Amino acid sequence: MRPGTYRSIRHGERGITMLEVLITIVILAFGLLGVAGLQARLQLAEVEAYQRAQAIVLLQEMVDRLNANRKNSIAYAGATAGTGSLGSAVQDCTGMTGANLDLCEWHNALLGASEESSGGNQVGAMIGARGCITNPTVTAVLPREFVIAVVWQGVTPTLAPTSTTCGQGAYGDDATRRAVVARVTIGCLQNDAATGLCVTP
(Lines give C-alpha, C1' and ligand atoms only; values in the text may rest on other atoms or scores of the structure.)
Protein backbone atom coordinates (compact mmCIF):
# COMPACT_ATOMS: atom_id res chain seq x y z
CA MET A 1 0.00 0.00 0.00
CA ARG A 2 1.30 3.39 -0.90
CA PRO A 3 1.77 5.89 1.94
CA GLY A 4 -0.64 8.40 0.41
CA THR A 5 -3.47 5.87 0.22
CA TYR A 6 -3.54 5.26 4.00
CA ARG A 7 -3.61 8.97 4.71
CA SER A 8 -6.57 9.60 2.37
CA ILE A 9 -8.68 6.79 3.92
CA ARG A 10 -8.01 8.08 7.41
CA HIS A 11 -8.80 11.63 6.36
CA GLY A 12 -12.23 10.50 4.97
CA GLU A 13 -13.38 9.06 8.34
CA ARG A 14 -15.25 11.53 10.57
CA GLY A 15 -16.77 11.21 14.05
CA ILE A 16 -19.55 13.15 15.80
CA THR A 17 -18.56 16.72 16.47
CA MET A 18 -19.17 18.48 19.77
CA LEU A 19 -21.69 20.82 18.10
CA GLU A 20 -23.84 17.90 16.97
CA VAL A 21 -23.82 16.46 20.51
CA LEU A 22 -24.89 19.80 22.00
CA ILE A 23 -27.74 20.20 19.49
CA THR A 24 -28.97 16.68 20.29
CA ILE A 25 -28.89 17.41 24.03
CA VAL A 26 -30.87 20.64 23.55
CA ILE A 27 -33.51 18.87 21.46
CA LEU A 28 -33.82 16.08 24.04
CA ALA A 29 -34.07 18.62 26.86
CA PHE A 30 -36.97 20.42 25.14
CA GLY A 31 -38.69 17.09 24.54
CA LEU A 32 -38.34 16.07 28.18
CA LEU A 33 -39.64 19.45 29.36
CA GLY A 34 -42.67 18.97 27.12
CA VAL A 35 -43.31 15.53 28.59
CA ALA A 36 -43.00 16.93 32.14
CA GLY A 37 -45.48 19.70 31.33
CA LEU A 38 -47.90 17.18 29.84
CA GLN A 39 -47.61 15.03 32.97
CA ALA A 40 -48.45 18.01 35.18
CA ARG A 41 -51.49 18.84 33.05
CA LEU A 42 -52.65 15.23 33.19
CA GLN A 43 -52.45 15.28 36.99
CA LEU A 44 -54.54 18.47 37.15
CA ALA A 45 -57.11 16.94 34.80
CA GLU A 46 -57.22 13.83 36.98
CA VAL A 47 -57.89 15.92 40.11
CA GLU A 48 -60.66 17.84 38.33
CA ALA A 49 -62.26 14.61 37.07
CA TYR A 50 -62.10 13.03 40.54
CA GLN A 51 -63.73 16.07 42.15
CA ARG A 52 -66.49 16.14 39.52
CA ALA A 53 -67.20 12.43 40.07
CA GLN A 54 -67.42 13.01 43.84
CA ALA A 55 -69.76 15.97 43.31
CA ILE A 56 -72.10 13.94 41.11
CA VAL A 57 -72.31 11.21 43.76
CA LEU A 58 -73.12 13.77 46.48
CA LEU A 59 -75.67 15.52 44.26
CA GLN A 60 -77.43 12.25 43.44
CA GLU A 61 -77.46 11.34 47.12
CA MET A 62 -79.46 14.46 47.99
CA VAL A 63 -81.77 14.02 44.98
CA ASP A 64 -82.59 10.51 46.24
CA ARG A 65 -83.11 11.74 49.81
CA LEU A 66 -85.47 14.50 48.66
CA ASN A 67 -87.44 12.10 46.46
CA ALA A 68 -87.74 9.64 49.34
CA ASN A 69 -89.22 12.34 51.62
CA ARG A 70 -91.57 13.99 49.10
CA LYS A 71 -94.34 14.60 51.64
CA ASN A 72 -92.03 16.82 53.70
CA SER A 73 -90.06 18.20 50.75
CA ILE A 74 -90.66 21.83 51.76
CA ALA A 75 -88.37 21.27 54.78
CA TYR A 76 -85.39 21.07 52.39
CA ALA A 77 -85.97 24.46 50.73
CA GLY A 78 -83.32 27.07 51.39
CA ALA A 79 -80.89 24.62 52.98
CA THR A 80 -77.14 24.99 52.61
CA ALA A 81 -74.57 22.43 53.64
CA GLY A 82 -70.84 21.90 53.71
CA THR A 83 -70.01 25.57 54.07
CA GLY A 84 -66.93 24.81 56.15
CA SER A 85 -63.55 23.96 54.71
CA LEU A 86 -62.47 20.42 53.87
CA GLY A 87 -61.70 18.58 57.08
CA SER A 88 -63.78 20.91 59.30
CA ALA A 89 -65.56 19.47 62.29
CA VAL A 90 -68.54 17.40 61.23
CA GLN A 91 -71.95 17.65 62.84
CA ASP A 92 -73.38 15.09 65.23
CA CYS A 93 -76.50 13.70 63.53
CA THR A 94 -77.54 11.48 66.44
CA GLY A 95 -81.25 11.72 67.25
CA MET A 96 -82.17 13.59 64.07
CA THR A 97 -84.88 12.34 61.73
CA GLY A 98 -86.37 13.20 58.35
CA ALA A 99 -85.09 16.24 56.52
CA ASN A 100 -82.85 17.31 59.41
CA LEU A 101 -81.04 13.96 59.33
CA ASP A 102 -80.72 14.08 55.54
CA LEU A 103 -79.26 17.59 55.59
CA CYS A 104 -76.91 16.80 58.49
CA GLU A 105 -75.52 13.71 56.77
CA TRP A 106 -75.23 15.54 53.45
CA HIS A 107 -73.34 18.33 55.22
CA ASN A 108 -70.90 15.82 56.71
CA ALA A 109 -70.41 14.10 53.35
CA LEU A 110 -69.65 17.47 51.72
CA LEU A 111 -67.00 18.05 54.37
CA GLY A 112 -65.37 14.74 53.48
CA ALA A 113 -66.46 12.67 56.49
CA SER A 114 -66.82 9.52 54.36
CA GLU A 115 -63.04 9.02 54.15
CA GLU A 116 -60.26 9.75 56.62
CA SER A 117 -56.51 10.03 56.20
CA SER A 118 -54.13 8.16 58.49
CA GLY A 119 -53.96 11.36 60.60
CA GLY A 120 -57.74 11.29 61.17
CA ASN A 121 -58.55 14.20 58.81
CA GLN A 122 -61.62 14.03 56.57
CA VAL A 123 -60.43 13.86 52.95
CA GLY A 124 -63.34 12.28 51.07
CA ALA A 125 -64.76 15.30 49.27
CA MET A 126 -63.91 18.14 46.94
CA ILE A 127 -62.02 21.31 47.87
CA GLY A 128 -64.42 23.70 49.63
CA ALA A 129 -67.51 21.63 48.82
CA ARG A 130 -70.89 23.28 49.39
CA GLY A 131 -74.45 22.24 48.73
CA CYS A 132 -77.55 24.38 48.22
CA ILE A 133 -81.21 23.53 47.83
CA THR A 134 -83.46 26.28 46.50
CA ASN A 135 -87.16 26.34 45.75
CA PRO A 136 -87.67 29.00 43.06
CA THR A 137 -91.41 28.28 42.73
CA VAL A 138 -94.07 29.26 45.26
CA THR A 139 -93.34 26.90 48.15
CA ALA A 140 -96.93 26.34 49.28
CA VAL A 141 -98.18 25.24 45.87
CA LEU A 142 -97.67 21.95 44.06
CA PRO A 143 -95.99 21.04 41.85
CA ARG A 144 -92.86 22.18 43.67
CA GLU A 145 -89.54 22.50 41.93
CA PHE A 146 -86.24 22.25 43.79
CA VAL A 147 -82.83 23.10 42.43
CA ILE A 148 -80.06 21.12 44.12
CA ALA A 149 -76.49 22.28 43.51
CA VAL A 150 -73.11 21.03 44.63
CA VAL A 151 -70.22 23.47 44.13
CA TRP A 152 -66.51 23.28 44.86
CA GLN A 153 -63.24 24.99 44.07
CA GLY A 154 -61.52 23.83 40.90
CA VAL A 155 -57.77 23.73 40.39
CA THR A 156 -57.49 26.01 37.36
CA PRO A 157 -59.72 28.91 36.27
CA THR A 158 -62.26 28.23 33.51
CA LEU A 159 -65.68 29.84 33.06
CA ALA A 160 -67.84 30.72 36.06
CA PRO A 161 -70.99 28.54 36.14
CA THR A 162 -74.22 30.43 35.49
CA SER A 163 -76.59 27.59 36.38
CA THR A 164 -76.49 28.40 40.12
CA THR A 165 -75.42 31.14 42.51
CA CYS A 166 -74.52 28.62 45.21
CA GLY A 167 -71.05 29.39 46.57
CA GLN A 168 -70.72 32.51 44.44
CA GLY A 169 -67.82 34.65 45.66
CA ALA A 170 -66.66 31.99 48.13
CA TYR A 171 -63.59 30.91 46.17
CA GLY A 172 -61.98 34.24 45.27
CA ASP A 173 -61.98 34.16 41.48
CA ASP A 174 -65.43 32.87 40.48
CA ALA A 175 -63.82 31.20 37.45
CA THR A 176 -62.48 28.52 39.81
CA ARG A 177 -65.98 27.68 41.05
CA ARG A 178 -67.31 24.39 39.68
CA ALA A 179 -70.95 23.27 39.91
CA VAL A 180 -73.24 20.38 39.18
CA VAL A 181 -76.97 21.03 39.34
CA ALA A 182 -80.13 18.90 39.34
CA ARG A 183 -83.79 19.90 39.26
CA VAL A 184 -86.34 17.87 41.20
CA THR A 185 -90.07 18.38 40.72
CA ILE A 186 -92.55 17.18 43.32
CA GLY A 187 -95.75 16.69 41.36
CA CYS A 188 -99.38 16.89 42.28
CA LEU A 189 -100.85 13.39 42.59
CA GLN A 190 -104.38 14.37 43.58
CA ASN A 191 -106.62 17.46 43.53
CA ASP A 192 -109.13 18.29 46.27
CA ALA A 193 -112.65 17.73 44.87
CA ALA A 194 -114.12 20.83 46.58
CA THR A 195 -111.41 23.40 45.96
CA GLY A 196 -109.61 21.95 42.93
CA LEU A 197 -106.32 22.62 44.71
CA CYS A 198 -103.56 20.09 44.84
CA VAL A 199 -103.50 17.81 47.86
CA THR A 200 -100.08 17.21 49.36
CA PRO A 201 -98.98 13.70 48.43
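As a reminder, the structure under discussion sits directly above these lines.
On a predicted model such as this, the values are computed, not experimentally measured, just so you know. (Residues numbered from 1 in each chain as written. Predicted model: local features only at pLDDT ≥ 70, side-chain atom pairs only at ≥ 80, totals over all residues. Heavy atoms only, no water.)

Structural notes on helix α2 (residues 18-68)
Heads up, the condition is: Only runs of H or I of at least four residues qualify as helices and only runs of E of at least two qualify as strands under DSSP, and these elements are numbered from the N terminus. Any helix carries an expected span of 1.5 Å times its number of residues minus one. Accessible area is worked out with a 1.4 Å probe on protein chains only. A residue is then buried under 20% of its type maximum, exposed over 50%, and partly exposed in between. Should any heavy atoms of two residues lie within 4.5 Å, those residues are counted as being in contact.
The end-to-end C-alpha distance of α2, which contains 51 residues, comes to 75 Å, matching closely the 75 Å that a straight helix rising 1.5 Å per residue would cover. When we look at burial in α2, the residues that qualify are Glu48, Gln51, Gln54, Ala55, Leu58, Leu59, Met62, Val63, Arg65 and Leu66. Its buried side turned inward, α2 meets α3 (98-110), β2 (130-134), β3 (144-153) and β4 (177-186).

A look at a nonpolar patch on the surface
In plain terms, the rule: Only residues whose relative accessible area exceeds 30% and that form no salt bridge enter a patch; like-charged residues are grouped when within 9 Å of one another, and nonpolar side chains (Val, Leu, Ile, Met, Phe, Trp, Tyr) when within 5 Å. Reported accessibility uses the Shrake-Rupley method at a 1.4 Å probe radius. Residues are deemed covered only where the shown protein chains occlude them. In the sections that follow, a salt bridge refers to a side-chain nitrogen of Lys or Arg positioned within 4 Å of a carboxyl oxygen of Asp or Glu.
Side chains of Ile16, Met18, Val21, Leu22 and Ile25 sit close together on the surface and give an oily, nonpolar patch of about 520 Å² of accessible area. Locating Ile16 in the fold gives a position in the loop between α1 (3-12) and α2.

What to know about the state of the cysteines
Convention followed: Count a disulfide wherever a pair of cysteine sulfur atoms falls within 2.5 Å.
Using the criterion set out here, one finds 2 disulfides in the structure. Here Cys93 is linked by a disulfide to Cys104, with a sulfur-sulfur distance of 2.0 Å. Measuring the twist about the S-S bond at about -85°, one finds the Cys93-Cys104 disulfide to be left-handed. Taken as a pair, Cys93 in the loop between β1 (80-81) and α3 and Cys104 in helix α3 lie far apart in primary sequence, 11 residues in all.

A few points about the environment of Arg52
Mapped onto the elements, Arg52 comes out in helix α2. As a C-alpha pair, Arg52 and Ala125 span 73 residues in sequence and 9.9 Å in three-dimensional space. Not counting residues up to four positions away in its chain, the partners in contact with Arg52 are Trp152, Arg178, Ala179 and Val180.

A look at the side chain of Arg178
Selection rule: Here a polar contact is recorded for every N or O atom pair within 3.5 Å, except that within protein the pair must consist of a potential hydrogen donor and a potential acceptor, and residues adjacent in sequence are included only if both atoms are side-chain atoms.
Within the secondary structure, Arg178 is located in strand β4. Of the residues examined, Arg178 reaches a relative accessible area of 6% and is grouped as buried. For Arg178, the side chain forms a polar contact with the side chain of Glu48, separated by 2.9 Å. Within the structure, the side chain of Arg178 is placed 3.2 Å from the backbone oxygen of Ala175, a separation counted as a polar contact. In contact with Arg178, other than residues within four places in its own chain, are Glu48, Arg52, Val150, Val151, Trp152, Gly154, Val155, Thr156, Thr158 and Pro161.

Some points on the environment of Asn67
Considering the arrangement of structural elements, one finds Asn67 in helix α2. Classification of Asn67 as partly exposed rests on a relative accessible area of 30%. Expressed as a C-alpha distance, the spacing of Asn67 and Val184, which sit 117 residues apart in the sequence, is 7.9 Å. Those residues in contact with Asn67, other than ones at most four positions away along the chain, are Val184 and Ile186.

Observations concerning the sheet that holds β1
Rules: The rule for pairing is simple: two strands pair if DSSP sees at least two bridges between them. Here the axes come from fitting lines to C-alpha atoms, over the contacting stretch only for helices, and the angles between their N-to-C directions go from 0 to 180 degrees.
Strand order across the open sheet formed by 4 strands is β1-β2-β3-β4, with antiparallel pairing between neighbours. Either end of the sheet is taken by a strand with one partner, and the two such strands are β1 and β4. As paired elements, β3 and β4 share 10 bridges and run antiparallel to each other. Looking across to β4, one finds that Val151 is bridged to Ala179. The strands touched by α2 within the sheet are β2, β3 and β4, with β4 carrying the most contacts at an inclination of about 20°. Those strands touched by α3 are β1, β2 and β3, and its axis lies near 145° from that of β2.

Focus on the pattern of salt bridges
Proximity of charged atoms lets side chains of opposite charge pair with each other. As enumerated under the stated definition, the model contains 6 salt bridges in all. For Glu105, the salt bridge identified is with Arg65, shortest N-O distance 2.8 Å. Linking Glu105 in helix α3 with Arg65 in helix α2, this pair joins segments that are 40 residues apart in sequence. Residue Arg65 is classed as buried on the basis of its relative accessible area, which comes to 18%. The partner of Arg177 in a salt bridge is Asp174, and the shortest N-O contact between them spans 2.9 Å. With respect to burial, Arg177 and Asp174 carry one shared label: buried. Linked by salt bridges that have partners in common, Glu61, Arg65, Asp102 and Glu105 make up one network.

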